There are 2 protein chains.
Amino acid sequence: MTLKRLLLVSNSTLYGGGYLEHCQDQIQKFLGGQVKRVLFIPYALQDRDNYAKTARQKFQSLGYALDSIHEAADPVESVLTAEAIFIGGGNTFRLLKALYDNNLIQVIRKKVIEDGIPYIGSSAGTNVATVSINTTNDMPIVYPPSLQALGFVPFNINPHYLDPNANSKHMGETREQRIKQYHEEPDTPHVLALREGCMLLVEGNKATLLGITKARLFKRGECPTEHEPGEDFSFLLNQ
Amino acid sequence: MTLKRLLLVSNSTLYGGGYLEHCQDQIQKFLGGQVKRVLFIPYALQDRDNYAKTARQKFQSLGYALDSIHEAADPVESVLTAEAIFIGGGNTFRLLKALYDNNLIQVIRKKVIEDGIPYIGSSAGTNVATVSINTTNDMPIVYPPSLQALGFVPFNINPHYLDPNANSKHMGETREQRIKQYHEEPDTPHVLALREGCMLLVEGNKATLLGITKARLFKRGECPTEHEPGEDFSFLLNQ
């Protein structure tokens, strides 16, 4: 039996560090020695060539070759033959629309859920791994055909979670207020808010918070709760 | 000939002040003595009763009766007979979806553009007055049938505009970066970024920035520019 394997990272770059530096140990441990090549999906940023170059340099430095889907003749075929998939950050609406436009939703779901190839998401790439992008922070610069996403897990994630700033004079909604507005809507799933510096590891029925910052969990109609790195989040997989 | 009349406010509450306090003088001057009743559209917040109560108290204190559309037997009919319309802030996706769900887009457009009744928008209510809600700051908690909005003006607005915080260690995109990502998409209109404390007055072919803070104007492929209260923005109406 194949196990679903996901590494869902809040943010690609942590303050003061390089690209994927704060999660590189977790990436290496997650991919291990079996995987040789990673398929990169750069759709969240406009300059795909440059984005693939940045990602390729990083993954090569960790010992993995990287193919970018935007250089493939047939994007669907490149997913079908992928050993592992990494979707990077940028604008979540742009990313999800491109996944739909290229008919990649079902094929990525099959590869990750049924075939069990490792999936790494960062920021927008983490958003699209969940039920929907209803809890993205991004500006809706394009209109995807749906907000439903890859649905690898039965909850949503809010990446780059920000605590309210008590000193701010800005009157826009805090992140917590925004997530609570989401939960005012009926039948909305839990929202796991990942602060910059943490990530969720999913291996089959087991989920664990990794990294150096805490996560905040929002359940509809309940008070949010705080969770430390290392904590077992497997209960989230069985909603 | 009727003139289109709009008062598009960045934010409902300014730090340290009460609801609509920072723009109450402009509201009174804008509505003048002719208007007796204002039709309020509270769709951006879940608790419509409470929201209408807050808005009613404020407008009554300024000398205007307020009818909330959610209390009307027929929302379309209430727009058709309105003397003036005020759409308040909250979640822009929720607001726009409710406008579509209640078949209000065309009838509000007709009343404001053809019949020239005064329109006041605040925050989300300002977003929906523009071409589209592509430049809202809100979380996409629901999925409207389109991001196209009321289109009273041929550009978009970003309300609650925030300058980058040089001391922040947060790595999410700045507001400016988000608007620039929007302008990476083809055929995107200008974006007028209204800081909290300012508003745009439109009377026919004339547009003026009012309030106490500056606005920042983003044009596709150009460097953004800064604009002082009092400045003439009429050129924005003729794109």
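Residues numbered from 1 in each chain as written. Chains lettered and ligands numbered in written order. Predicted model: local features only at pLDDT ≥ 70, side-chain atom pairs only at ≥ 80, totals over all residues. Heavy atoms only, no water.

As named in an unreviewed UniProt entry, chain A is dipeptidase E, taken from Eleutherodactylus coqui. Word for word, the UniProt comment on chain A under Function (unreviewed entry) is "Hydrolyzes dipeptides containing N-terminal aspartate residues." Per UniProt, the comment on chain A under Subcellular location (unreviewed entry) is "Cytoplasm". (UniProt positions renumbered as here; feature names shortened; annotations may be inferred.)

## What about the overall build of chain A?
Assigned secondary structure in chain A consists of seven helices and eleven strands. A compact globule built from 239 residues would reach a C-alpha radius of gyration of about 18 Å, and chain A, at 17 Å, matches this within 12%. Judged by the C-alpha coordinates and their principal axes, chain A covers about 45 × 40 × 35 Å. Among the 239 residues that make up chain A, the fraction classed as buried is 58%. Long-range contacts, defined here as pairs at least 24 residues apart, represent 68% of the contacts in chain A between residues at least 6 apart. Accessible surface, chain A as shown: approximately 9700 Å² in total, 48% of it carbon and sulfur. Between the centroid of the 24 positive side chains of chain A and the centroid of its 26 negative side chains there is a distance of 2 Å. (Helix = DSSP H or I, 4+ residues; strand = E, 2+ residues; numbered from the N terminus. Rg over C-alpha atoms; globule rule 2.2 N^0.38 Å. Buried < 20%, exposed > 50% of the residue type's maximum accessible area, 1.4 Å probe, protein only. Contact = heavy atoms within 4.5 Å. Areas by Shrake-Rupley, 256 points an atom, 1.4 Å probe, with all protein chains shown as cover. Lys, Arg positive; Asp, Glu negative; His and termini not counted. Charge placed at Lys NZ, Arg CZ, Asp CG, Glu CD.)

## Here's the deal with the interface of chain B and chain A
Facing 42 residues of chain B, the contacting portion of chain A comprises 42 residues. Summed over both sides, the interface between chain B and chain A buries roughly 3600 Å², with carbon and sulfur atoms accounting for 56% of that surface. Along the contact surface separating chain B from chain A lie six salt bridges. The interface formed by chain B and chain A contains 29 residue pairs in polar contact (both at pLDDT 80 or more). Going through the elements one at a time, α4 (92–101), β6 (156–161) and α7 (175–184) of chain B are the ones with two or more residues in the side of chain B that touches chain A. Taken together, the residues that form the side of chain B that touches chain A break down as 18 nonpolar, 15 polar and nine charged. (Buried area = accessible area lost by both parts, 1.4 Å probe. Salt bridge = Lys/Arg side-chain N within 4 Å of Asp/Glu carboxyl O. Polar contact = N/O pair within 3.5 Å; in protein donor to acceptor, adjacent residues only side chain to side chain. Nonpolar A, V, L, I, M, F, W, Y, C, P; charged D, E, K, R; others polar.)

## What about the packing of aromatic side chains?
Residue and element names in this part refer to chain A. Inspection of every chain in the model, using the stated rule, returns 13 aromatic pairs over all chains. An angle of 70° between the planes, with centres 4.9 Å apart, marks the rings of Y119 and F152 as edge-to-face. Taken together, the residues Y119 in strand β5 (residues 119–122) and F152 in the loop between α6 (124–127) and β6 (156–161) connect sequence positions 33 residues apart. Side by side, Y119 and F152 carry an identical accessibility label, which is buried. A network of ring pairs unites the aromatic residues F40, Y51, F59 and F86 as a single cluster. Over the aromatic face of F30 sits the side chain of R5, whose NZ or CZ is 4.4 Å from the ring centroid. (Phe/Tyr/Trp six-rings, centres within 6.5 Å; stacked < 30°, edge-to-face > 60°. Lys NZ or Arg CZ within 6 Å of the ring centre and 35° of its normal.)

## Digging into helix α1 (residues 24–31) of chain A
Along an α-helix, residues three or four positions apart point the same way, because every turn accommodates 3.6 residues. Residues and elements named next belong to chain A. For α1, the complete set of buried residues consists of I27, F30 and L31. Projected down its long axis, α1 carries its buried residues within an arc of 85°, all on one side. Along α1, exposed side chains directed more than 90 degrees from the buried face belong to D25 and K29. Among the structural elements, β1 (5–9), β2 (37–41), α2 (48–61), β5 and β8 (198–203) are those in contact with the buried residues of α1. Downstream of α1 by a residue or two, G32 has a phi angle that is positive, lying close to 65°. (Arc of directions from axis to C-beta.)

## Here's the deal with the relation of the copies chain B and chain A
The operation relating chain B to chain A is a screw motion whose rotation component is 180°, with 0.0 Å of axial translation and a residual RMSD of 0.0 Å. Such a combination of turn and shift is consistent with a two-fold rotation axis. When the interface residues of chain B are mapped onto chain A, 100% of them are again interface residues, pointing to one common binding face. (Least-squares fit on C-alpha atoms with pLDDT ≥ 70 in both.)

## Some remarks on unusual backbone geometry
Even without glycine at this site, L20 of chain A takes up a positive phi of about 60°. For L20 of chain A, the location among the structural elements is in the loop between β1 and α1. Positioned with a positive phi, S123 of chain B is a non-glycine residue whose angle comes to about 55°. Mapped onto the elements of the fold, S123 of chain B is located in the loop between β5 (119–122) and α6 (124–127).

## Remarks on the sheet that holds strand β1 (residues 5–9) of chain B
Residue and element names in this part refer to chain B. The strand order β3-β2-β4-β5-β1-β8-β9 describes an open sheet built from seven strands, whose pairing is mixed. Two strands in the sheet have a free side with no partner beyond their single neighbour: β3 (65–68) and β9 (206–211). Strand after strand, the sheet turns through a mean of 20° between neighbouring axes, direction not considered. Relative to β5, β1 is paired through four bridges, and the arrangement is parallel. Bridge pairing links L6 to Y119 in β5. The strands touched by helix α2 (residues 48–61) within the sheet are β2 (37–41), β3, β4 (85–87) and β5, with β3 carrying the most contacts at an inclination of about 160°. (Pairing = 2+ DSSP bridges. Axes fitted to C-alpha atoms, helices over the stretch in contact; angles between N-to-C directions.)

## Concerning the side chain of S78 of chain A
Secondary-structure assignment places S78 of chain A in helix α3 (residues 75–80). Not counting residues within four places of it along the chain, the set of residues in contact with S78 of chain A comprises L39, I69 and A72 of chain A.

## Details of helix α5 (residues 105–114) of chain A
Among all positions of α5 of chain A, only I105, V107, I108, K111 and V112 of chain A are buried. In this structure, the buried side of α5 of chain A is in contact with β1, β2, α3, β4 (85–87), α4 (92–101) and β5 of chain A.

## Here's the deal with the sheet that holds strand β7 (residues 191–195) of chain A
Residues and elements named next belong to chain A. Spatially, the four strands line up as an open sheet ordered β6-β7-β10-β11, and their pairing is mixed. Each end of this open sheet is capped by a strand with a single partner; those strands are β6 and β11 (225–227). Strand-to-strand twist in this sheet, taken as the mean axis angle between neighbours without regard to direction, amounts to 25°. Across four bridges, β6 lies against β7 in parallel orientation. Residue I157 lies in a different strand from β7, and its bridge partner there is L192. Packing of helix α7 (residues 175–184) onto the sheet brings it into contact with β6, β7 and β10 (215–218), and relative to β6 it is tilted by some 170°.

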